[in-house]
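# Descriptive analysis of the structure
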Amino acid sequence: MDNIKPQDVSKPSEQMIKLDNLMSLPAPYDQPGMEPDIKTAGDAWSKNYCASLDGIIGNDMLFRPKTGPEEKQIISKFLNGLDKLFYEESNGGYLQPLLLSFEYCEKCNTCSEACHVFKGSGEKEIYRPVFRSEVFRMLYKKYKKGGSLWRRFLGGDIEINVEAVMRLGELAYRCNLCRRCAQVCPLGLDNGLLAREIRKLFSQEMNMAPKLLHEKGSVLQLKTGSSTGIARAAFLDMMEFMEEDIADRTGKHYKIPIDKKGADILLIHNAGEFFSWPDGPAAFAIIFGEAGLDWTLSSDIAGYDCVNYGLFYDDLQARKLALHQLKAARELGVRRIIIGECGHAHRASAVTSDRLVAGGDNIPRESCFPLLWDLVKNNILKLNPARNNFPVTLHDPCNITRMMGIIQPQRQIIKAVCPWFKEMTPNGVKNYCCGGGSGFAVMNSLNLQEWMCKVSCRMKFKQVLEAFQNTVENKSMIKYVCAPCSNCKGTFRNMLDYYQATSRFNIRYGGLAELIVNAMVEFNRPYLEFLNEDIT
Amino acid sequence: MLLLFFLYLSLFAFLTFSINKFFWFARMPLHGRWELYPVPREPAERARYGGSYYEEPEWWKKPRKISRIGEIKKVLKEMFFIRRLFINQRRHWWFSYSLHAGIYWLILWAVFLLAGAVTELSGQVLITGEDGNFWAGLVYSGTLISGGAGVLLLTVGSTGLFLRRMFNRVLNKYSAPQDYFNLLFILAVAVSGLVVWNGDPGFDYGREILKAMLTFSPVKAGTALTVHILLLGALLIYIPQTKMSHYVCKFFAFHRVLWDNEPNLKNSKIERKIKRTLSNKPPVVSWAAPHAKISEQLKELSGEDQEE
Ligand code: SF4
Ligand code: SF4
């Protein structure tokens, strides 16, 4: 198994690796039977999809061709797309970073140690950051560099066949695009960028992007307004219900303004929160209401859902969604957009789309954390940290920390409201991805979720166990992982469930705004529902 | 005379190809932001932990603070110490650093040779400095130390990297024949240099070559020196064609990609650039997926303001 080389992606085999001998976990997960075994794809799935990499199917639109002509068509589309990645006319917006990472790798292997997927898997060769990049490079060189001896000299000694194309398509979905590897590369190269470029080729040229990111993600969002499928009318109902619910729980009425023209702030949440973690947006409504901020939500397309899955796989979709978001803000005439607790939306809105428009269209976008810290720091809210009387650790979403440089505000808040705060190691800008980054958290068709919990989340789960090391086995003690990002919350939900960490060891997860509201002195009842459960 | 022309040609080719590569990258279209923190151009108190201006509420209203000193410090550490490799892969660093340090010493050696050649052309004799001439002594011993250190470090570094690539299971797997060839090429230049140095411990041959180059006179060279000159010249022509030209790549990878967090603020330089890019012709090569055919919709969404 150790002898796998990039060239092997073209060679037929049932499965290139087996998912065994993974990185070991600390106590109490060092005992046998503490985690389920992974179920890889059976025959039926293998016939239809690409299960020949590791038995996992990440891209459920990457259908295995059935006939010779279909195979040829896939290969030819792939090669067309490969060309387009390297044209200024079709990929000008990423050409320079792509070429730098593509051309200059010294194969020094420094990046492997930084990758949580590679380490978590027990160092499986196919997850080495440079493995995927090298397959990509070799295929391009083989395709482009003519004469066989010269090509071999340059490193294009690989066969281009349908197995190689399919496996590369799958490999692009074994990387969280967390870019931790790029932080250590002596040449500043970025294997995460290359993985995203491969995803882009498969989406923009071959129309093969995972259904939950594309068809039921960005396409659905552009059609209905939200990747969850919540249409405007349903959104308005939900907000009405949320107002009532807050009043029931706190005994106080907080208005949730919608489509208020000329407001100072347009607050945009990840709409997944309305379904799965409504306490988050409700906490924002309470905090903003208490602080007397002039704010509004929008009911426009991409105005009430800051999700932008295009960031993970497709420039064109990313662009459309970013422009819709700005349009929503422009039409309301707000002064600034504040992005709620959603990591990838932070980056998509503030950073990635920063060069899409100029002039008056370019409405400023900000993170919610500096604003929240400002309120906490200036004692705008009356808080009693003793109310968060349980160990808390903080997960740093990659998009907010490593890719935006927002490190301190969220920790200052936690330090101010949680007396038992304990950092993970490493943290901040050097954090590990939760394991669900780049869309994995929502890609729950077929068996990617199992792989995610078992392999890509493994390092994060280890960090959580280590952060709570003295209290893990004390079941009566709540332990809280603060994950101020909807995608990360989704990952923690699945991860803690997979390892039964909540039922066995009372490890909970949630956002940051909830911790602030839970510390507010004016409410008699804890805001965090699980505290009420435990008390009664 | 042929050797002399070859030397001019190889130097010229090295500079032209390298500069050409630099401008090739520089002329590429403005790319989307792809920064990665820590960004050393943030003020020191933030750069220390990897923070950015986004940590401030209403950051877009605050004056933009940039620390050029922080950036330069980081660059120098990376250039002269290969810091990232030192921290993250010490074993590889020993050889890589040896090779790169060898190159830096040899660049210094070339400067001493040039100084020596000019000094000799002006009628002074370069010897150990025992006659009390400080300059002559400095140039002579400087040449000796930098040349000796350079060629030895280069030999150790290229040999070590070659062997590591051969015998390290992972490196071996990912290395193309060209990766070995590049190291062997450098090693061949270093070894031929050692051979020449062995017969001429004071590096007089180097000064003679530079004098010939400065006065357009033929280079006098025996077999060993001719081989050395041919190999070195060929290497200079070859380097910019390959990924060994990462001295160009690193500039762009760090300054223009990972550390470029320049926000699109009103009336900024970057805003003007963006306006220019946005008013350029729409792409002529389009992607084939159905959702890629959207130019009209995108134009409408972008608003009219951009054209102003
Ligand atoms: S650290 Fe950089 S140069 Fe080294 S193998 Fe990884 S990507 Fe390539
Ligand atoms: S971007 Fe993250 S997940 Fe992907 S290869 Fe690099 S470290 Fe691994």
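Residues numbered from 1 in each chain as written. Chains lettered and ligands numbered in written order. Predicted model: local features only at pLDDT ≥ 70, side-chain atom pairs only at ≥ 80, totals over all residues. Heavy atoms only, no water.

With that settled, the discussion passes to the overall build of chain A. If you tally the helices and strands in chain A, you get 25 helices and eight strands. For 536 residues, the compact-globule formula gives about 24 Å, and the C-alpha radius of gyration of chain A, at 23 Å, lands near that figure. Its C-alpha atoms put chain A at 75 × 55 × 45 Å along the principal axes. Taking all 536 residues of chain A together, 69% fall into the buried category. Excluding contacts between residues fewer than 6 apart, the proportion of contacts in chain A whose partners are at least 24 apart in sequence is 78%. Counting only carbon and sulfur atoms, one obtains 50% of the accessible surface of chain A, whose full area is about 17100 Å². Each charge class in chain A can be summarised by its mean position, and for the 66 positive and 62 negative side chains these summaries are 3 Å apart. (Helix = DSSP H or I, 4+ residues; strand = E, 2+ residues; numbered from the N terminus. Rg over C-alpha atoms; globule rule 2.2 N^0.38 Å. Buried < 20%, exposed > 50% of the residue type's maximum accessible area, 1.4 Å probe, protein only. Contact = heavy atoms within 4.5 Å. Areas by Shrake-Rupley, 256 points an atom, 1.4 Å probe, with all protein chains shown as cover. Lys, Arg positive; Asp, Glu negative; His and termini not counted. Charge placed at Lys NZ, Arg CZ, Asp CG, Glu CD.)

Attention shifts here to the environment of Ala136 of chain B. Residues and elements named next belong to chain B. Along the polypeptide, Ala136 turns up in helix 6 (residues 134–167). For the pair Ala136 and Leu126, spaced ten residues apart in sequence, the C-alpha to C-alpha distance is 5.0 Å. Sequence-distant contacts of Ala136, that is, excluding residues within four places in its chain, are made with Gln124, Val125, Leu126 and Ile127.

Turning our attention to the site of ligand 1. In the vicinity of ligand 1, the residues found are Cys105, Glu106, Lys107, Cys108, Asn109, Thr110, Cys111, Val130, Cys185, Pro186 and Asn191 of chain A. Partitioned by chemical class, the residues of the shell around ligand 1 number six nonpolar, three polar and two charged. (Near = heavy atom within 4 Å. Nonpolar A, V, L, I, M, F, W, Y, C, P; charged D, E, K, R; others polar.)

A separate point is the nonpolar core. In globular proteins that are soluble, nonpolar side chains generally tend to be buried together. Residues and elements named next belong to chain A. Counting residues in hydrophobic clusters, the biggest one holds 188 residues, and the most contacted among them are Phe78, Trp451 and Leu515. Contact partners of Phe78, with chain neighbours within four places excluded, come to Leu139, Val165, Leu168, Leu201, Phe202 and Met206. Listed in part, the 17 residues of the second largest apolar core include Ile268, Ala322, Leu326 and Leu356. (Core = buried A, V, L, I, M, F, W, Y, C linked by side-chain atoms within 4.5 Å.)

Attention now moves to the site of ligand 2. Around ligand 2, the neighbouring residues are Cys115, His116, Val117, Pro129, Cys175, Asn176, Leu177, Cys178, Arg179, Cys181 and Gly192 of chain A. Taken together, the residues of the shell around ligand 2 sort by class into seven nonpolar, three polar and one charged.

Turning our eyes to something else, we now look at the sheet that holds strand 8 (residues 507–510) of chain A. All names here are of chain A. Taken in spatial order, the four strands make up an open sheet running 6-5-7-8, and their pairing is parallel. For this open sheet the edge positions go to strand 6 (421–422) and strand 8, each flanked by a neighbour on one side alone. In terms of strand pairing, strand 7 (residues 479–482) meets strand 8 through four bridges, oriented parallel. Of the residues in strand 8, the one forming a bridge with Val481 is Tyr509. (Pairing = 2+ DSSP bridges.)

Moving on, we come to the pattern of salt bridges. All chains considered together, the criterion is met by 62 salt bridges over all chains. Via salt bridges that share partners, Asp264, Arg335, Arg336 and Glu366 of chain A together with Glu58 and Lys61 of chain B belong to a single interconnected network. (Salt bridge = Lys/Arg side-chain N within 4 Å of Asp/Glu carboxyl O.)

Okay, a positive patch on the surface next. All names here are of chain B. On the surface, a cluster of positive charge is made up of Arg256, Lys269, Arg272, Lys273 and Arg276. Top contributing element to the positive patch by residue count: helix 12 (residues 269–279), with four residues. Accessibility expressed as a relative area gives 68% for Lys269, which makes it exposed. (Patch = residues over 30% accessible without salt bridge, like charges linked within 9 Å, V, L, I, M, F, W, Y side chains within 5 Å.)

A large share of helix 21 (residues 458–467) of chain A lies buried, amounting to eight of its ten residues. Taken as a whole, helix 21 of chain A has its buried residues at Arg458, Met459, Lys460, Phe461, Gln463, Val464, Leu465 and Ala467 of chain A.

Let us look at the interface of chain A and chain B. Contacts between the two partners involve 94 residues from chain A and, on the opposite side, 86 residues from chain B. Summing both sides of the interface, chain A and chain B together bury roughly 8000 Å²; the carbon and sulfur share of this comes to 60%. For the pair chain A and chain B, the interface holds six salt bridges. For Asp179 of chain B, the salt bridge is made with Lys107 of chain A, and the minimal N-O distance between the two is 3.6 Å. Across the contact surface, chain A and chain B share 48 residue pairs in polar contact (both at pLDDT 80 or more). Among the elements that line the side of chain A that touches chain B, the one with the most residues is helix 16 (residues 315–332) of chain A, at eight residues. Here the residues of the side of chain A that touches chain B are counted per class, giving 40 nonpolar, 23 polar and 31 charged. (Buried area = accessible area lost by both parts, 1.4 Å probe. Polar contact = N/O pair within 3.5 Å; in protein donor to acceptor, adjacent residues only side chain to side chain.)

Residue and element names in this part refer to chain A. When the domains of chain A are assigned, the result is domain 1 (6–205), domain 2 (229–373) and domain 3 (381–531). Each of domain 2 and domain 3 was reduced to a C-alpha centroid, and the two centroids are 22 Å apart. Taken together, the 32 residues of domain 2 in the interface contact 34 residues of domain 3. Buried area between domain 2 and domain 3, summed over both chains or domains, comes out near 2900 Å², and the portion from carbon and sulfur atoms is 67%. The tally of links between domain 2 and domain 3 comes to four salt bridges. Glu522 is the salt-bridge partner of Lys252, the closest N and O atoms lying 3.1 Å from each other. At the junction of domain 2 with domain 3, the criterion picks out 13 residue pairs in polar contact (both at pLDDT 80 or more). Looking at the side of domain 2 that touches domain 3, the elements that each hand over two or more residues are helix 12 (232–250), helix 13 (272–276), helix 14 (279–291), helix 15 (310–313), helix 17 (343–352) and helix 18 (368–377). Per-element tally for the side of domain 2 that touches domain 3: the top contributor is helix 14, with eight residues. (Domains from an automatic or database assignment.)

This paragraph deals with the sheet that holds strand 1 (residues 265–268) of chain A. All names here are of chain A. What the four strands build is an open sheet, ordered 2-1-3-4; its pairing is parallel. Two strands in the sheet have a free side with no partner beyond their single neighbour: strand 2 (295–296) and strand 4 (365–367). Pairing of strand 3 (residues 336–339) with strand 4, which is carried by three bridges, proceeds in the parallel orientation. Bridging from a neighbouring strand, Ile339 pairs with Ser367 of strand 4. In the packing of helix 16 onto the sheet, the strands contacted are strand 1, strand 2, strand 3 and strand 4, and the crossing angle to strand 3 comes to about 130 degrees. (Axes fitted to C-alpha atoms, helices over the stretch in contact; angles between N-to-C directions.)

All names here are of chain B. By the assigned domains, chain B splits into domain 1 (2–30 + 82–274) and domain 2 (275–307). Computed from C-alpha atoms alone, the centre-to-centre distance between domain 1 and domain 2 is 45 Å. Here domain 1 packs against domain 2, burying approximately 450 Å² in sum over the two surfaces, 43% of which is carbon and sulfur. The three residues of domain 1 that bury the most area against domain 2 are Arg272, Lys273 and Ile274, which together make up 72% of that side's buried surface.

This paragraph deals with the side chain of Glu42 of chain B. Residue and element names in this part refer to chain B. Turning to its location among the elements, Glu42 is positioned in the loop between helix 1 (2–26) and helix 2 (44–47). A relative accessible area of 1% places Glu42 in the buried class. At a separation of 3.5 Å, a polar atom in the side chain of Glu42 contacts the main-chain amide nitrogen of Tyr53.

All chains considered together, the criterion is met by 52 aromatic pairs over all chains. A ring pair is formed by Tyr94 of chain A and Trp34 of chain B, whose centres lie 5.7 Å apart and whose planes are at 90 degrees; its orientation type is edge-to-face. A residue pair is termed interchain when its members come from two chains, as with Tyr94 of chain A in the loop between helix 3 (88–91) and helix 4 (95–103) and Trp34 of chain B in the loop between helix 1 and helix 2. A single burial state applies to Tyr94 of chain A and to Trp34 of chain B, both of which are buried. Ring geometry for Trp197 of chain B versus Phe203 of chain B: centroids 5.2 Å apart, planes at 5 degrees, classification stacked. A cation sits over an aromatic face here: Arg174 of chain A above Trp451 of chain A, 5.6 Å from the ring centre. The side chain of Arg180 of chain A reaches across the aromatic face of Tyr432 of chain A, ending 4.0 Å from its centre. (Phe/Tyr/Trp six-rings, centres within 6.5 Å; stacked < 30°, edge-to-face > 60°. Lys NZ or Arg CZ within 6 Å of the ring centre and 35° of its normal.)

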